[in-house]
Amino acid sequence: PPSAYLRHVFKAAKPIRRATLYATALGTYELHLNGARVGKDYFNPGWTEFRKRVYYQTYDVTRMLRQGDNALGAILSDGWYSGYIWAGRDTYGTVPKLRVQLRIEYADGTMQTVVTDETWKLSYGPIREGDVQQGETYDARLEMPGWDSVAFNDSAWQPVTVWAAPNLQIGVSPSPPVQAQQEITPVQMTQPKPGVYVYNLGQNIAGWVRIKATGNAGTKIVLRHSGWLNPDGTIYTDYLREARVIDTYYMKGGGEEAYEPSTTYHGFQYVEVTGYPGAPTLNDLTGIECNS
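Below you will find a few notes about this structure. (Residues numbered from 1 in each chain as written. Predicted model: local features only at pLDDT ≥ 70, side-chain atom pairs only at ≥ 80, totals over all residues. Heavy atoms only, no water.)

1. A look at the overall build of the protein
Here's step 1: Helix and strand counts for the protein stand at one helix and 23 strands.
Here's step 2: C-alpha atoms of the protein, sized along the principal axes, occupy 70 × 45 × 30 Å.
Here's step 3: Each of the 292 residues in the protein was classed as buried or not, and the buried ones make up 49%.
Here's step 4: If you take every contact in the protein between residues at least 6 apart in sequence, the share linking residues at least 24 apart comes to 78%.
Here's step 5: As presented, the protein carries roughly 13,900 Å² of accessible surface, and 48% of it is formed by carbon and sulfur atoms.
Here's step 6: Side chains of the protein carry 27 positive and 29 negative charges; the gap between the two charge centres is 5 Å. (Helix = DSSP H or I, 4+ residues; strand = E, 2+ residues; numbered from the N terminus. Buried < 20%, exposed > 50% of the residue type's maximum accessible area, 1.4 Å probe, protein only. Contact = heavy atoms within 4.5 Å. Areas by Shrake-Rupley, 256 points an atom, 1.4 Å probe, with all protein chains shown as cover. Lys, Arg positive; Asp, Glu negative; His and termini not counted. Charge placed at Lys NZ, Arg CZ, Asp CG, Glu CD.)

Shown next as structure tokens:
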């Protein structure tokens, strides 16, 4: 299923001294506030035994908040909770869920709390599939510019479903966050077959790639990942078994575009690119290494 986009508009009525954002999910979440991403973390809250416990993360968002109207948003994906693990889905549940609490301390000492409740709204956007194991499908034609800002028109968005709080231990995350650590330029690009381009990063990494291209709207670029090559130079994927490990990007058109996934990661050294508009160069693809 596609990743859900969630948003809520609220007012901060007085001068702000401090604002702290707490968040967790059954699934994985990415937070946004007033048009900007909160933090640099990926795959929060991490993989736990979701039938027993889940962790939360804390962010100081004082500088991102402003007196007056504010927009708080999130992208919610299946993650390890209801996405693919090994060979199946829905190991812990069937629908990802988000829980957020924003505590605002005003300069006069009073407090305000903004939480996830029935006033939030939901829609679906460009992330048509977002799975840690299988990969991401992203359709740039479905992007919603400004979806995380106050001025965005969300009249067509749906109401959210509010679930009863599960009987889980909720505690502060004991682990450092997963973040992008470095960018890697490929050392080689080959063309083992017409229209099939294979990039070699020169080392095996955990992460994903960023690809740049210029093409028509609807152009489909497919990225397949592997740690090994066949003798003929194509990528070897049999060892991946049930993991699809494919990212797919549909272009929106109108100039150079850059795409990198946010809901999946892969272990790989080689990337096969098909569907690219024209002939790519070595500099059109960059490896993004991530770890905690």
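Here the narrative resumes.
2. Focus on the pattern of salt bridges
Two side chains of opposite charge can pair, provided their charged atoms sit close to one another.
Here's step 1: According to the stated counting rule, one finds 16 salt bridges in the structure shown.
Here's step 2: The partner of aspartate 154 in a salt bridge is arginine 7, with the nearest N and O atoms 2.9 Å apart. Here arginine 7 lies in strand β1 (residues 4-12) and aspartate 154 lies in the loop between β11 (135-139) and β12 (158-159), a separation of 147 residues in the sequence. Of the two residues, aspartate 154 and arginine 7, neither departs from the other in class, the shared state being buried.
Here's step 3: Taken together, the shared-partner salt bridges in this structure form one network comprising Arg7, Lys121 and Asp154. (Salt bridge = Lys/Arg side-chain N within 4 Å of Asp/Glu carboxyl O.)

3. Considering the sheet that holds strand β9 (residues 121-124)
Here's step 1: The strand order across the open sheet formed by six strands is β4-β3-β6-β1-β9-β12, and the pairing between neighbours is antiparallel. Looking along the sheet, the strands with just one partner apiece sit at the ends: β4 (36-37) and β12.
Here's step 2: Where β9 lies against β12, two bridges are found, and the strand directions are antiparallel. If you follow leucine 122 over to β12, its bridge partner there is glutamine 158. (Pairing = 2+ DSSP bridges.)

4. So, unusual backbone geometry
Most peptide bonds adopt trans geometry, and most residues besides glycine take a negative phi value.
Here's step 1: Here the amide bond leading from asparagine 44 into proline 45 is cis, since omega sits at 10°, within 30 degrees of zero.
Here's step 2: Tracing the chain through its elements places proline 45 in the loop between β4 and β5 (53-60).
Here's step 3: At aspartate 90, a position not held by glycine, the phi torsion is positive, near 60°.
Here's step 4: Its place among the elements puts aspartate 90 in the loop between α1 (79-82) and β7 (97-106).
Here's step 5: Unlike most non-glycine residues, arginine 241 shows phi in positive territory, near 55°.
Here's step 6: Summarising the element assignment, arginine 241 is placed in the loop between β19 (235-236) and β20 (246-250).

5. Brief notes about the side chain of asparagine 44
Here's step 1: Residue placement: asparagine 44 occurs in the loop between β4 and β5.
Here's step 2: Of the polar contacts made by the side chain of asparagine 44, one reaches the side chain of aspartate 41; its length is 3.2 Å.
Here's step 3: Reaching out from asparagine 44, the side chain makes a polar contact with the side chain of tyrosine 59 at a distance of 2.8 Å.
Here's step 4: In contact with asparagine 44, other than residues within four places in its own chain, are Gly27, Thr28, Tyr29, Gln57 and Tyr59. (Polar contact = N/O pair within 3.5 Å; in protein donor to acceptor, adjacent residues only side chain to side chain.)

6. Things to note about the side chain of aspartate 148
Here's step 1: Here aspartate 148 shows up in the loop between β11 and β12.
Here's step 2: Setting aside residues up to four positions removed in sequence, aspartate 148 forms contacts with Arg7, His32, Leu33, Asn34, Gly35, Ala36 and Ala71.

7. Here's the deal with the sheet that holds β5
Here's step 1: Taken in spatial order, the five strands make up an open sheet running β8-β7-β2-β5-β13, and their pairing is mixed. Among the strands making up the open sheet, the edge pair consists of β8 (111-115) and β13 (169-172). Averaged over all pairs of adjacent strands, the angle between strand axes in this sheet comes to 20°, irrespective of strand direction. (Axes fitted to C-alpha atoms, helices over the stretch in contact; angles between N-to-C directions.)

8. A short note on the pairing of strand β15 (residues 188-193)
Here's step 1: Where β15 meets strand β16 (residues 196-214), four bridges bridge the pair, whose relative direction is antiparallel. Paired with methionine 189 across the strands is tyrosine 199, a residue of β16.
Here's step 2: Taking the residues between adjacent antiparallel strands as the criterion, β15 and β16 are bridged by two residues, where glycine 195 takes a positive phi near 80°.

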